[in-house]
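# Remarks on the overall topology
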Amino acid sequence: MSETIEIKHLDKRVASRYLKKGKLDEKDYERHLKALPDLSDQAIPVESEFEDLDEE
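Residues numbered from 1 in each chain as written. Predicted model: local features only at pLDDT ≥ 70, side-chain atom pairs only at ≥ 80, totals over all residues. Heavy atoms only, no water.

With that settled, the discussion passes to the pattern of salt bridges. What the rule picks out here adds up to two salt bridges. The partner of Asp 11 in a salt bridge is Arg 13, with the nearest N and O atoms 2.5 Å apart. Owing to a relative accessible area of 27%, Asp 11 belongs among the partly exposed residues under this scheme. A relative accessible area of 68% places Arg 13 in the exposed class. Between Arg 31 and Asp 28 there is a salt bridge, with its nearest N and O atoms 2.7 Å apart. Placement of both Arg 31 and Asp 28 in helix H2 (residues 26-35) is noted, with a separation of three residues, approximately one turn of the helix. (Salt bridge = Lys/Arg side-chain N within 4 Å of Asp/Glu carboxyl O. Buried < 20%, exposed > 50% of the residue type's maximum accessible area, 1.4 Å probe, protein only. Helix = DSSP H or I, 4+ residues; strand = E, 2+ residues; numbered from the N terminus.)

Put into structure tokens, the structure is as follows:
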């Protein structure tokens, strides 16, 4: 399956589903992940607060 991987198959939230169905080749997917650049040095911290809606 080493042709171009469809972008919709690369979303990590659904990739496992496509891997199980055989629509995404595991080796191609791993190769894609390893080819991604490390952008961790560009990350910024994000603060968030959760509002408890039960208190209202």
